[in-house]
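Take a look at the letters that make up each chain.
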Amino acid sequence: MKIGIVGLGYVGLPLSLQFARSGVQVLGLDIDPTKVDAINRGESYIKHIESSAIAEELRNKRFEASVDFSRVRELEAVIICVPTPLNKNREPDISYILKTGEAIAPHLQPGSLVVLESTTYPGTTDEDLLKVLEFGSGLKAGKDFHLAFSPEREDPGNPNSKVAIIPKIVGGFTPACLEKATALYSKAIKTLVPVSSCRAAEATKLLENIFRSVNIALVNELKVVYAGMGIDIWEVINAAKTKPFGYMAFYPGPGLGGHCIPIDPFYLTWKAREYGQHTRFIELAGEINTSMPEYVVNRVAEALNTKRKSVNGSKILIVGLAYKPNLDDDRESPSYTLMDLLKARGADVSYYDPFVPVIRPTREHGHWAGTPSIQWNKETVSKFDAVVISTVHAQIDHSVLTNWASVIIDTRNAITDFSSKVWKA
Ligand SMILES: NC(=O)c1ccc[n+]([C@@H]2O[C@H](COP(=O)([O-])OP(=O)(O)OC[C@H]3O[C@@H](n4cnc5c(N)ncnc54)[C@H](O)[C@@H]3O)[C@@H](O)[C@H]2O)c1
């Protein structure tokens, strides 16, 4: 069997490798020739994916990458894993999905299967993608070709998060589409969870991410409330999580980051409006979570104030630029918001992140592009007026940092030793 996986990023690349390992021939398709060339040389561009894993599947001739979408003709199934960001008005941007649909449609073979994996609002697969595929191929979904939605549940950086063993939701446009899609995934994934429709599958993924966003907002709000009462939220959470039922620990932080939690809930907000529905929990959670960087900056100002210093003119170091520990992924990272806010208040801002030696050019953070991480040594770190811990990477020694820094604003409970120079935020 030969399948195609479109979009060889954080989701598509590990999925390709899992199918290839399971004996399925995989053609990876991407519009980015640098990624395609790197794969075909056996090189990984994602930190937690080993180059050797790619090289092995190339050697076994089960995996190759291409920018040539006409090769969809060779394929029995196509899985789409392209980005689903928000546009500048914070509305869903499904243009990547639609462009992919347009690129594959003319080459789609009768009897083949198309599965969308990108996180999106209910209706994307059986309304938007369906329309583009039918128009471009002249084929009918559910009759001439199969159509399904199956969301990804990748947890980057978690060593126990293996594509093969994470149960996978699958929803088909028709019962036959579902059957075809489950038959495909069962080759590579241990547990499949069929649901009644593409929409139910799309809605399941959104529920999972909204659940996280709302619970993170809850502890962020409690962090601020308890701080005002002189109570440490992290101590409270660690005590609460000893309850063996009915409680699940979520942790506060400097704001939301990553490609999913800050974005996906608003896909539902937008779509719900079409049905005259309001997503109040999502909006409230968004409001609380996006106010966190401002709270942290105010704590920085308070901390500096005790040293008779102002934010304006102070040298401030952000420790951790990636949004998640032990990863190089800086998408939507709240560290950038902290850097922007502090700079706007006149601070001289630098960062340290062993995973991000230099800031790459991106649309959102173009003004920081090219900025290098500082060197991690006493002489450099001790020159800063304040250090903000934004992400906790395992390889950063926080006890050393406590010795080097004069003031620390800790948004992650990284420093548990009592020290008057440490401000929780
Ligand atoms: N990263 C995660 O942890 C995660 C987890 C669950 C779900 N998701 C969802 O999976 C989807 C993909 O996310 P990702 O993190 O893999 O994104 P990514 O940016 O890492 O990868 C997307 C890839 O698609 C390629 N691409 C863009 N437009 C294309 C097009 N028209 N045709 C072909 N390729 C194209 C890009 O070059 C890139 O290689 C998103 O909907 C995301 O919300 C991501």
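**Here we look at the overall build of the protein chain**
Next up, step 1: Looking only at helices and strands, the protein chain features 13 helices and 13 strands.
Next up, step 2: Computed over C-alpha atoms, the radius of gyration of the protein chain comes to 23 Å, within 12% of the 22 Å expected from 2.2 N^0.38 for 425 residues, which places it in the range of a compact globule.
Next up, step 3: In terms of principal-axis extent, the alpha carbons of the protein chain reach across some 75 × 50 × 40 Å.
Next up, step 4: Expressed as a percentage of contacts within the protein chain between residues at least 6 apart in sequence, the contacts between residues at least 24 apart total 67%.
Next up, step 5: Of the roughly 19200 Å² that the protein chain leaves accessible, carbon and sulfur atoms contribute 54%.
Next up, step 6: One finds the centroid of the 47 positive side-chain charges in the protein chain at a distance of 2 Å from the centroid of its 48 negative side-chain charges.

**Structural notes on the site of the ligand**
Next up, step 1: Close to the ligand lie 26 residues; Val11, Asp30, Lys35, Thr84 and Thr119 are nearest.
Next up, step 2: Against a free-state accessible area of 830 Å², the protein chains account for coverage of 92% of the ligand.
Next up, step 3: Broken down by class, the residue content of the shell around the ligand amounts to twelve nonpolar, seven polar and seven charged.

**Brief notes about the sheet that holds strand 11 (residues 386-389)**
Next up, step 1: Taken together, five strands build an open sheet; the order of strands is 10-9-11-12-13 and the sheet is parallel. Looking at the sheet topology across the chains shown, the edges are occupied by strand 10 (348-352) and strand 13 (422-424). Sheet twist, expressed as the average angle between the axes of neighbouring strands with direction ignored, equals 20 degrees.
Next up, step 2: Across three bridges, strand 12 (residues 408-410) lies against strand 13 in parallel orientation. Residue pairing for strand 13: Asp410 is matched across the bridge by Lys424.
Next up, step 3: Most of the contacts of helix 11 (residues 334-344) go to strand 9 (residues 315-319), to which it runs at about 175 degrees, and overall it touches strand 9, strand 10 and strand 11.

**Looking at a nonpolar patch on the surface**
Next up, step 1: Among the surface-exposed residues, Leu207, Phe211 and Met248 lie close enough to one another that they form a single nonpolar patch of about 320 Å² accessible area.
Next up, step 2: Mapped onto the secondary structure, Met248 falls in the loop between helix 8 (233-240) and helix 9 (265-274).
Next up, step 3: Relative accessible area serves as the criterion here: at 52%, Met248 is assigned to the exposed category.

**Topic: helix 7 (residues 198-228)**
For an α-helix the count is 3.6 residues per turn, leaving residues at separations of three or four pointing the same way.
Next up, step 1: End to end, helix 7 covers 46 Å across 31 residues, agreeing with the expected 45 Å (1.5 Å per residue, within 8%).
Next up, step 2: A positive phi of about 75 degrees marks Gly230, the residue just after helix 7.

**Points about helix 3 (residues 51-59)**
Next up, step 1: Of all the residues in helix 3, the buried ones are Ala53, Ile54, Glu57 and Leu58. For helix 3, the arc enclosing every buried residue in end-on projection is 135 degrees, short of the 170-degree limit, so these residues lie on one face.
Next up, step 2: In this structure, the buried side of helix 3 is in contact with helix 1 (12-21), helix 2 (33-40) and strand 3 (63-66).
Next up, step 3: Just downstream of helix 3 lies Lys61, where phi reads positive at about 60 degrees.

**A short note on the packing of aromatic side chains**
Next up, step 1: In this structure the tally under the stated criterion is six aromatic pairs.
Next up, step 2: Both rings, one in Phe19 and one in Tyr185, keep their centres 5.9 Å apart while their planes meet at 45 degrees; by these two values the pair is tilted. A residue pair is termed long-range when its members are at least 10 positions apart, and Phe19 in helix 1 and Tyr185 in helix 6 (residues 175-185) qualify at 166 residues. Here Phe19 and Tyr185 have matching classes, each one buried.
Next up, step 3: Among the aromatic residues, those joined into a ring-pair cluster are Tyr121, Tyr267 and Trp270.

**Topic: unusual backbone geometry**
Next up, step 1: For Arg90, which is not glycine, the phi dihedral falls at a positive 60 degrees.
Next up, step 2: Its location among the elements puts Arg90 in the loop between strand 4 (77-80) and helix 4 (95-104).
Next up, step 3: Residue Arg90 is classed as partly exposed on the basis of its relative accessible area, which comes to 43%.
Next up, step 4: With a phi close to 60 degrees, Arg308 is a non-glycine residue in the positive phi region.

**What to know about the nonpolar core**
Side chains that are nonpolar tend, in soluble globular proteins, to be buried together.
Next up, step 1: If you look at the biggest cluster of nonpolar residues, it comprises 35 residues, and the most contacted ones within it are Ile80, Ile104, Val114, Leu129, Leu133, Phe145 and Leu147.
Next up, step 2: Residue assignment for this core shows that the elements contributing at least two residues are strand 2 (25-29), strand 4, helix 4, strand 5 (113-116), helix 5 (124-137), strand 6 (146-149), helix 7 and helix 9.
Next up, step 3: Here the element with the most residues in this core is helix 7; it accounts for four residues.
Next up, step 4: Once you skip the residues sitting within four places of it in the chain, Ile104 turns out to touch Phe69, Val72, Val78, Ile80, Val114 and Leu133.
Next up, step 5: Leu17, Ala65, Ala77 and Ala181 belong to the second-largest nonpolar core, a separate cluster that totals 34 residues.

**Quick word on the sheet that holds strand 1 (residues 2-6)**
Next up, step 1: Read across the open sheet, the eight strands follow the order 3-2-1-4-5-6-7-8; overall the sheet is mixed. Since the sheet does not close on itself, it has two edges, and those belong to strand 3 and strand 8 (192-195), each with one partner. Sheet twist, expressed as the average angle between the axes of neighbouring strands with direction ignored, equals 25 degrees.

What counts, and where the lines are drawn
- Residues numbered from 1 in each chain as written.
- Predicted model: local features only at pLDDT ≥ 70, side-chain atom pairs only at ≥ 80, totals over all residues.
- Heavy atoms only, no water.
- Helix = DSSP H or I, 4+ residues; strand = E, 2+ residues; numbered from the N terminus.
- Rg over C-alpha atoms; globule rule 2.2 N^0.38 Å.
- Contact = heavy atoms within 4.5 Å.
- Areas by Shrake-Rupley, 256 points an atom, 1.4 Å probe, with all protein chains shown as cover.
- Lys, Arg positive; Asp, Glu negative; His and termini not counted.
- Charge placed at Lys NZ, Arg CZ, Asp CG, Glu CD.
- Near = heavy atom within 4 Å.
- Nonpolar A, V, L, I, M, F, W, Y, C, P; charged D, E, K, R; others polar.
- Pairing = 2+ DSSP bridges.
- Axes fitted to C-alpha atoms, helices over the stretch in contact; angles between N-to-C directions.
- Patch = residues over 30% accessible without salt bridge, like charges linked within 9 Å, V, L, I, M, F, W, Y side chains within 5 Å.
- Salt bridge = Lys/Arg side-chain N within 4 Å of Asp/Glu carboxyl O.
- Buried < 20%, exposed > 50% of the residue type's maximum accessible area, 1.4 Å probe, protein only.
- Expected span 1.5 Å × (residues − 1).
- Arc of directions from axis to C-beta.
- Phe/Tyr/Trp six-rings, centres within 6.5 Å; stacked < 30°, edge-to-face > 60°.
- Core = buried A, V, L, I, M, F, W, Y, C linked by side-chain atoms within 4.5 Å.

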